[in-house]
Amino acid sequence: IKDGYQCAATSEWLLAEVARAVQLGSREVNTTATIGITLFPDDASDSEQLLQRAEQTMTLAKTAGRNQFQFYVASVDQAIRDRKKLEKDLQRALPENQFHLVYQPQINLETRRIIGAEALIRWEHPEQGLVPPDQFIPLAELNGSIVEIGQWVLEQACAQAAQWSAKSMPIRIAVNLSAVQLKQEDIVSEILDTLKRFSIPPGRLELEVTETGFMENLDSAVEKLNQLRNHGINIAVDDFGTGYSSLTYLKRLPVQHLKIDKQFIHDLLVNDEDTRIANTIIDLGKSLNLAVIAEGVETEEQEFYLRNRGCQLAQGYFFSKPLKPADFEQFIADFHAKLVVDSTHNG
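All values derive from a computational prediction rather than experimental measurement.

1. Points about the packing of aromatic side chains
(1) Moving on: Under the counting rule described, the total for this entry stands at 10 aromatic pairs.
(2) Moving on: Between the aromatic rings of Trp164 and Phe328, the centroid separation amounts to 4.8 Å while the plane-to-plane angle is 25 degrees, which identifies the pairing as stacked. Here Phe328 lies in helix H14 (residues 325-346) and Trp164 lies in helix H5 (residues 146-166), a separation of 164 residues in the sequence. Exposure class is identical for Trp164 and Phe328. Each is buried.
(3) Moving on: Each residue in the set Phe99, Trp123, Phe136 and Trp152 is aromatic and connected to the rest through ring pairs, giving one cluster.

In structure tokens:
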């Protein structure tokens, strides 16, 4: 390799080669790679340090999102140090009650009713303030603490659902289930026990799994998700369209909802390709008899387009940002009251 430019070109080729589907018997399998790059002599003068820094760069690239390559730069050292500190702080976050949940309303576009809420975790760091989930969730998945954090999220969401149920607000709550949690042998019994403890009907819970989450060990994931579905729990595929799932996988999964990733909604009606992808997912949902949820809806134009295109459900800042429980209750009251007023005026 002569220079950095050739290095980038080679990495792109390598990522494309690795990502090509492989046929294993009757199954089609996809893989992705993450590449860290160091250059001699700019980044280090000996092989050991070159390799160490390439590995650090690769680890950093993984936390920022997989299936990409990244070059080592001096700032990587600082980023690695910051990441190490954040990882250390993350160990204290749960025992020191630094996490809380917020809830983003999910709207039925046809009836204009709030039918559910997605529970989202927030980390209030004592020094840094609010740390975005896309910064600490990948860390928690890498070091395994996501199992404990995920269980805490489920318990908090169920406790909240029980409170709302007591106030005659039977809201369905969606909770993210990470790939690491899905690998746990006892995950099914843990989820069912938690629902039982808080007296939550299984149909009141929706578990959101990402495409990468179930593809890592498909047979095991399908078996566990089927068990959960057989007990009445709803299953949704989150960030649909960003991974590599094929229709073969989708047909095997006991899924009720497909969530269109917000990156496709963000440029809806602006970027032709994103609009086409969103349309394809909506049509796919119809043909497989699955409800489609659009996340990240921010404008009236997006909402109007999605509703007329046949997308059933939506969430996003156009309706409401994620809210603390008391604010969520107020939002529901105001939203439905406005609906009654609008209906009266229309009448």
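2. Considering helix H13 (residues 300-309)
(1) Moving on: Looking at H13, one finds that the buried residues are Gln302, Glu303 and Leu306. When H13 is viewed along its axis, its buried side chains cluster within an angular range of 95 degrees and face the same direction. Facing away from the buried side of H13 by over 90 degrees, the exposed positions are Glu300, Glu301 and Asn308.
(2) Moving on: Where H13 is buried, its residues meet helix H11 (262-266), helix H12 (272-287) and strand S12 (291-295).
(3) Moving on: Phi turns positive one or two residues past the end of H13, at Gly310, with a value near 100 degrees.

3. Focus on the side chain of Gln315
(1) Moving on: Position of Gln315 among the secondary structure elements: in strand S13 (residues 313-315).
(2) Moving on: At 3.0 Å, the side chain of Gln315 and the side chain of Lys259 are in polar contact.
(3) Moving on: What Gln315 contacts, discounting residues up to four positions off in sequence, is Gln104, Pro105, Gln106, Glu118, Lys259, Ile293, Ala294, Glu295, Gly296 and Val297.

4. Observations concerning the pairing of strand S5 (residues 99-108)
(1) Moving on: For S5, the buried fraction is high: 9 of the 10 residues fall into the buried class.
(2) Moving on: By the bridge criterion, 10 bridges tie S5 to strand S6 (residues 113-125) in an arrangement that is antiparallel. Pairing of Leu101 across the sheet is with Ile121, part of S6.
(3) Moving on: Linkage of S5 to S6, two consecutive antiparallel strands, is achieved through a turn of 4 residues, within which Arg112 is found at a positive phi near 60 degrees.
(4) Moving on: By the bridge criterion, 2 bridges tie S5 to S13 in an arrangement that is antiparallel. Bridge pairing links Ile107 to Ala314 in S13.

5. What to know about unusual backbone geometry
(1) Moving on: For the bond from Phe40 to Pro41, the omega torsion is 5 degrees, close enough to zero to count as cis.
(2) Moving on: Tracing the backbone shows Pro41 in the loop between strand S3 (35-37) and helix H2 (47-63).
(3) Moving on: At Ser199, a position not held by glycine, the phi torsion is positive, near 55 degrees.
(4) Moving on: Within the element layout of this structure, Ser199 appears in the loop between helix H7 (187-197) and strand S9 (205-210).
(5) Moving on: Overall, Ser199 belongs to the exposed group, its relative accessible area being 64%.
(6) Moving on: Here Asp239, not a glycine, exhibits a phi torsion of approximately 55 degrees, which is positive.
(7) Moving on: Its location among the elements puts Asp239 in strand S10 (residues 234-240).

6. Some details on the pairing of S6
(1) Moving on: Taking burial as the measure, the 13 residues of S6 include 10 buried ones, the bulk of the element.
(2) Moving on: Sheet topology note: the S6/strand S8 (residues 172-176) ladder contains 3 bridges and is parallel. Counterpart to Ala117 in the pairing with S8 is Ile173.
(3) Moving on: Here 3 bridges tie S6 to strand S7 (residues 129-131), and the two strands are oriented antiparallel to one another. Across the sheet, the residue bridging to Glu124 is Leu130, located in S7.

Parameters and conventions
Residues numbered from 1 in each chain as written. Predicted model: local features only at pLDDT ≥ 70, side-chain atom pairs only at ≥ 80, totals over all residues. Heavy atoms only, no water. Phe/Tyr/Trp six-rings, centres within 6.5 Å; stacked < 30°, edge-to-face > 60°. Helix = DSSP H or I, 4+ residues; strand = E, 2+ residues; numbered from the N terminus. Buried < 20%, exposed > 50% of the residue type's maximum accessible area, 1.4 Å probe, protein only. Arc of directions from axis to C-beta. Contact = heavy atoms within 4.5 Å. Polar contact = N/O pair within 3.5 Å; in protein donor to acceptor, adjacent residues only side chain to side chain. Pairing = 2+ DSSP bridges.

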